[in-house]
Amino acid sequence: MTFILLLEQIFNGLQLGVTLFLIAAGLTLILGIMDFVFLAHGAQVMIGAYAAASLTALTGNFYLGILLAIPVTFASGYLLEYLLIRHLYRRNHMDQVLATFGLILFFNELIRIGFGPAALFSSLPPSLSGFVNILPETPYPVFRLLVIAVGLACALGIHLLVARTKIGAMVRAGANNETMTAALGVNIRMLRRLVFAAGACFAGIAGMMLGPLTAVEPGMGEPLLILSLVVIIIGGIGSVRGAFVAAILIGVVDTLGRVLLPVILRGFMGQAAADGAGPALASMMVYILMSLVLVVRPSGLFPPKG
Amino acid sequence: MKTFSMAAAATAMMMAGAVQADTVKVGYMTTLSGSGGIIGKQMQNAVNLAMEHTGGTLGGMDAEVIFADDQRKPDVAKQLANRLVKSDRVDVIAGVIWSNLLMAIHKPVTRSGTLLIGSNAGPSPLAGKDCHKNFVSMSWQNDQTPEGMGKYMQDAGVKSVYLVAPNYQAGKDMMSGFKRHYKGEVVAEVYTKLGQSDFQAELSTLRASRPEATFVFQPGGMGINFVKQWHQAGMEQVSKLYTVFTVDNLSLPALKETALGVVSTQTWSPDLDNEINRRFVADYKAKFGGYPSFYAAQAYDTMMAIDHAIAKAGSSDTEAMRAVLAEGGIPTTRGPLAMNSNQFPIQNVYLREAVLDADSMATTRITGTVFENHADAYAKDCQF
């Protein structure tokens with residue numbers, strides 16, 4: 001394994017990391033600030049991917065498809081909060097788990113009824129399907145660079161929104177003391193609905209970015225949901241900054257584990273044994289990391305204050 | 001409500017009693033919900049098409065097909081098989097996509113004296129030491145298809161190959177089948193997570209080792225992911241891609257131009273030139289608006305085999321049907337199918353390439369025959 005290849009793999013990890021962050025950012029706010037257990041966030045990823053793929057097919061333009069899909073994901077989150085989620089805030093966590101687990105099944109079937117069980121066609125426009133040399137003799141797909149750029153831009157946007165704007169201040173105030181914030185004239189209900197819709201929108205963007213790379217099919221968001229829950233726990237529930245650091249960490253650890261572990265194990269066991277144990281151990285890496293973090297810092301790396 | 005349902009049940013029982021004598025019942029088990037539901041849907045389409053072609057009869061007897069959705073879960077499959085045997089009293093259980101599900105129902109069904117006909121999975125134990133005379137495969141033994149690819153690449157003089165497969169039993173079977181005939185250098189054997197969606201890290205490593213060829217087994221959605229990312233990373237310039245069960249008429253509608261030129265081996269292809277296949281493919285396309293996959297073809301062949309067995313045996317008796325099928329010469333979309341001593345097909349393995357047809361629809365075309373009348377490697381271990 002050369003140094004350049006190692007750098008390229010870290011880049012791959014970064015790309016997985018920003019995708020995880022887009023999903024985890026909304027989820028950590030919903031889970032931490034709104035104290036609501038929401039398991040159907042993977043469905044928002046799927047809705048984003050389907051919206052982008054079908055709108056791209058409809059308009060014949062990839063950029064237009066994405067542009068139109070963003071309001072669709074925002075609206076889906078907004079409506080979901082209005083129709084169902086707001087009735088569940090006062091219920092206990094078990095009820096929330098049951099209801100939102102049901103939502104996963106509901107959305108998967110809905111997509112299957114609407115679009116059929118087969119994977120949808122989605123591809124890249126010629127302008128995004130080229131490569132650039134990020135390092136000497138290391139061609140890297142342009143689209144994957146764009147995913148990293150979009151992910152970082154969204155991260156910056158979310159950070160500024162929460163830390164520097166009036167709406168962000170209201171969100172933080174509402175999380176600290178809901179009754180007092182409401183008494184000061186802030187519309188808490190509307191605020192929650194907007195946070196929820198924004199979370200759905202960012203998860204949807206992750207889905208749009210994944211669409212051209214992976215199979216757009218029912219249930220496509222679920223494997224990512226599990227990883228993003230790990231991200232939230234490592235980062236500290238409710239902390240956007242923690243989610244960012246943890247997402248990048250998980251992305252890099254998962255990628256390097258997959259690539260390096262079989263090679264390392266081959267150093268001190270047979271090829272066949274290493275081929276078997278390597279992938280098994282690699283898929284455990286992120287959970288081992290989570291356990292270690294929880295032992296050292298039980299409330300995550302960056303627990304929110306207050 | 002209760003009285004109504006009891007009356008309905010009584011009527012149903014009476015009717016069942018009345019028609020039982022000359023009606024043959026087939027329990028068709030496949031995955032209709034959850035991931036893999038698309039495969040089951042295609043098989044169901046093909047079974048319905050077969051019944052349409054036979055005019056609703058099998059071997060001249062009135063026939064009824066009961067579909068059972070195994071949800072891709074071995075425990076569910078076992079329960080369903082039990083119900084089909086004991087309460088529906090079917091004459092034949094057919095279908096089953098996944099090796100682990102087939103292993104779960106194989107013993108209970110064959111021991112009950114019901115004929116079990118596989119439409120897809122062909123795990124090696126059932127072809128060898130654990131074989132049973134009441135099981136007949138209408139698909140292939142798992143190793144046959146990758147063996148074809150190994151043989152082709154060996155003959156083509158490919159010097160080095162990089163292997164990628166998901167980390168589960170079938171993944172390992174496919175790779176060992178490949179290596180049975182390929183004697184060149186295996187640069188690396190990489191096992192990915194089952195259900196993995198992003199292969200960029202594996203592709204980066206692969207690029208660095210610059211193998212002449214890459215052999216991949218990634219069925220279903222994983223195949224769509226892998227081939228898309230292979231193309232996007234410009235891997236065509238680094239290594240040539242060879243596949244089994246990865247680029248087929250299920251993944252091609254989602255891949256389209258991306259997969260063009262990718263080579264695979266298979267025992268069937270939509271352009272296979274015989275009368276049964278021409279009719280099957282044309283009617284399937286007309287009715288369901290797309291190419292059938294090999295899963296659909298094998299499901300159709302399964303129904304044709306039952307039709308053939310009953311017609312020739314003159315009854316739906318398990319032993320009589322089995323004896324007919326064991327003789328071979330079964331009319332299928334792959335031509336008249338011969339049978340090995342373990343009741344797995346002896347068949348040709350073709351080389352196929354992904355191409356666009358006259359209507360710009362992506363499909364596969366046969367470019368050569370790797371094996372003629374290829375038998376599986378396990379029949380010698382099978383004693384009924």
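Below: a short report on this structure.

**Topic: the overall build of chain A**
- On a plain count of helices and strands, chain A comes out with 12 helices and two strands.
- Ordered by position from the N terminus, the helices and strands of chain A form the series α-α-α-α-β-β-α-α-α-α-α-α-α-α.
- Expected size for 306 residues packed as a compact globule is a radius of gyration near 19 Å; at 20 Å, chain A falls within 12% of this value.
- When the backbone C-alpha atoms are referred to their principal axes, chain A occupies close to 65 × 50 × 35 Å.
- Burial analysis of chain A (306 residues in total) assigns 50% to the buried set.
- Of the contacts formed within chain A by residues at least 6 apart in sequence, a portion of 76% connects residues at least 24 apart.
- When the accessible area of chain A is evaluated, it comes to approximately 13,800 Å², of which 71% is carbon and sulfur surface.

**Side note on the nonpolar core**
- Among the nonpolar cores identified, the biggest contains 93 residues, and B:Met29, B:Met149, B:Met153, B:Phe215, B:Phe280 and B:Met303 are the most heavily contacted of them.
- The element that contributes the greatest number of residues to this core is helix α12 (residues 294-313) of chain B, accounting for 12 residues.
- Looking at this core, you find at least three residues from each of domain 1 (2-140 + 273-343) and domain 2 (144-266 + 350-380) of chain B.
- By size, the runner-up hydrophobic cluster in this structure holds 82 residues, among which are A:Val45, A:Ala53, A:Ile248 and A:Val286.

**Remarks on the state of the cysteines**
Residue and element names in this part refer to chain A.
- A complete count under the given rule lists one disulfide over all chains for this structure.
- As a non-bridged cysteine, Cys154 has Cys201 as the owner of its nearest cysteine sulfur, 8.2 Å distant.
- In this structure Cys154 comes out as buried when scored by relative accessible area, which is 13%.

**Considering a nonpolar patch on the surface**
Residue and element names in this part refer to chain A.
- Together, Leu281, Met284, Ile288 and Leu292 give the surface a local cluster of nonpolar side chains, amounting to about 340 Å² of exposed area.
- Its location among the elements puts Leu281 in helix α11 (residues 271-282).
- The class for Leu281 is partly exposed, based on a relative accessible area of 31%.

What counts and what doesn't
- Throughout, residues of each chain are indexed from 1 in the direction in which the sequence is written.
- Chains carry letters from A onward and ligands carry numbers from 1 onward, assigned in written order.
- It should be noted that, the model being predicted, local features are given only for residues of pLDDT at least 70 and side-chain atom pairs only at 80 or more, the latter also being counted only at that level, while totals for whole chains, interfaces and linings use all residues.
- The side-chain values count all of the structure's non-hydrogen atoms but skip hydrogen atoms and water molecules.
- Helical segments are the DSSP runs of H or I of at least four residues, strand segments are the runs of E of at least two, and each set is numbered from the N terminus.
- Within these notes, the globule rule equals 2.2 Å times the number of residues to the 0.38 power, and the radius of gyration is based on C-alpha atoms.
- The buried label goes to any residue with under 20% of its type's maximum accessible area, the exposed label to any with over 50%, and the partly exposed label to all in between, with areas taken from a 1.4 Å probe on protein chains only.
- Contacts are assigned to residue pairs that have any heavy atoms within 4.5 Å of one another.
- Only the protein chains shown count as cover for residues, and the accessible areas themselves come from Shrake-Rupley with a 1.4 Å probe.
- For this analysis, a nonpolar core means a set of buried residues of the types Ala, Val, Leu, Ile, Met, Phe, Trp, Tyr and Cys, connected via side-chain atoms within 4.5 Å.
- The start and end points of each domain follow an automatic or database-based domain assignment.
- A pair of sulfur atoms, both from cysteines and within 2.5 Å, is called a disulfide here.
- Exposure above 30% relative accessible area and no salt bridge define the residues that can form patches, which grow by joining like charges within 9 Å and nonpolar side chains of Val, Leu, Ile, Met, Phe, Trp and Tyr within 5 Å.
- Only one rule defines a salt bridge in this text: a Lys or Arg side-chain nitrogen within 4 Å of an Asp or Glu carboxyl oxygen.

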